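Chain residues, written in single-letter form:
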Amino acid sequence: MQKRHKNRKIYFDEQSLTTEKYVIPYLEDLVPLNAQSEVLEIGCGEGGNLAPFIQRSCRSVGVDLNEGQILKAKEYMEESFPQGNFKFYYKDMYDVNVDDIGQFDLIMMRDVIEHIHDQEKFMEFLKRFLKPNGKIFFGFPPWRMPFGGHQQICESKLLSKLPFFHLLPMPLYTLLLKAFGEKKSKIESLVEIKETGISIHRFEKIIREKGYQFDQKDLYFINPNYETKFGLKPKLLPKFLGAIPFFKDFYTTCVYCLISIKK
């Protein structure tokens, strides 16, 4: 697991493969993907999720707070798609002006919403970047799932494979991270994830309260991304399990959904 997070090209390839094999088919019935389509990814990293859209000639824009990852995104894309219609911005999304980048048919947020502070404010802010019939795709791990704290990034081999310990009260959580020798910067990152982690119920509540509607929503027992990581085939959560409030967060490893502004 550590290898994937340190070798960003491996991560780029995994993201690209999963998007091509699972995200694109999830979108195709509701979102046209061609040379006239415009796609924005927020928290794009090195751009792996955008690669399949660029390959389909979509105008693709990526925004990320990590300058190093944006530089890598430009490098990877210029090498793979020298004639591609793409731009990458090293910026906080709140500092991006709609006049500069335009509006989009699709906004991609894969493994991102769980890292954002004040998600209610952010969902309202996003509306300005959507075309009238635009849609937003989310893929995210619910907070209470076994590795919802992203503990797989821990340096400790034990902690990186230990499920659910991110649900401990904050003082015990930070004490455990320190006891196993995690660096201060890693602890700060993990604590921030704990502060911003989002449950299925809270996510659904925000979507409704901010005037959006679900056009499509699926809960996965086995995350589609686990195929490239672990060789596990994606599996949807049985509907009767997905109907159980609160507890479904513990065994849903990923939520896929497509939303739009409620008419």
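Residues numbered from 1 in each chain as written. Predicted model: local features only at pLDDT ≥ 70, side-chain atom pairs only at ≥ 80, totals over all residues. Heavy atoms only, no water.

**Quick notes on the layout of surface pockets**
Argument step 1. Empty space within the largest pocket amounts to approximately 1600 Å³.
Argument step 2. Every residue lining the largest pocket is counted, 50 residues in all, and those nearest its centre are Y11, D111, V112, H115 and H150.
Argument step 3. Going through the elements one at a time, α2 (8-28), β2 (59-64), α9 (184-196) and α11 (226-230) are the ones with two or more residues in the lining of the largest pocket.
Argument step 4. A class-by-class count of the residues in the lining of the largest pocket yields 20 nonpolar, 19 polar and eleven charged.
Argument step 5. One number sums up the size of the second largest pocket: a volume of about 190 Å³.
Argument step 6. For the second largest pocket, the full set of lining residues is E204, K217, D218, L219, L236, L237, P238, K239, G242 and K248.
Argument step 7. Among the elements of the structure, β6 (212-222) and α12 (239-242) are those that each provide at least two residues to the lining of the second largest pocket.
Argument step 8. It is β6 that contributes the most residues to the lining of the second largest pocket, three residues altogether.
Argument step 9. Looking at the lining of the second largest pocket residue by residue, the class counts come to four nonpolar, one polar and five charged. (1 Å grid on protein atoms, 1.4 Å probe; cavity = no way out; pocket = protein on both sides within 12 Å on 5 of 7 lines; lining within 4 Å. Points joined across faces, edges and corners; volume = space filled by probe spheres on them. Helix = DSSP H or I, 4+ residues; strand = E, 2+ residues; numbered from the N terminus. Nonpolar A, V, L, I, M, F, W, Y, C, P; charged D, E, K, R; others polar.)

**A look at the packing of aromatic side chains**
Describing an aromatic ring pair means giving the distance of the ring centres and the angle of the ring planes.
Argument step 1. Going through the model one piece at a time under the given rule, you end up with 19 aromatic pairs.
Argument step 2. A centroid spacing of 5.7 Å and a plane angle of 90° characterise the contact between Y94 and F122, whose relative ring orientation is edge-to-face. With Y94 in the loop between β3 (86-90) and α5 (98-101) and F122 in helix α6 (residues 119-126), the pair connects residues that are 28 residues apart, well separated along the chain.
Argument step 3. Taken together, a centroid distance of 4.7 Å and an interplanar angle of 50° make the contact between F140 and F203 tilted. Of this pair, F140 sits in strand β5 (residues 130-140) while F203 sits in helix α10 (residues 200-209); the two residues are 63 residues apart in sequence, bridging distant segments of the chain. (Phe/Tyr/Trp six-rings, centres within 6.5 Å; stacked < 30°, edge-to-face > 60°.)

**A closer look at the packing of α6 against α10**
Argument step 1. Where α6 contacts α10, the two axes come as close as 10 Å, and the packing angle between them is 40°. With respect to α10, the element α6 is oriented oblique. The interaxial crossing formed by α6 with α10 has right-handed handedness. From α6, Q119, E120 and M123 reach across to α10, where they touch R202, I206 and I207.
Argument step 2. Looking at the contact of α6 with α10 residue by residue, the classes come out as three nonpolar, one polar and two charged. (Axes fitted to C-alpha atoms, helices over the stretch in contact; angles between N-to-C directions. Parallel < 35°, antiparallel > 145°, perpendicular 65-115°, else oblique. Left-handed = near helix turned anticlockwise from the far one by under 90°. Contact = heavy atoms within 4.5 Å.)

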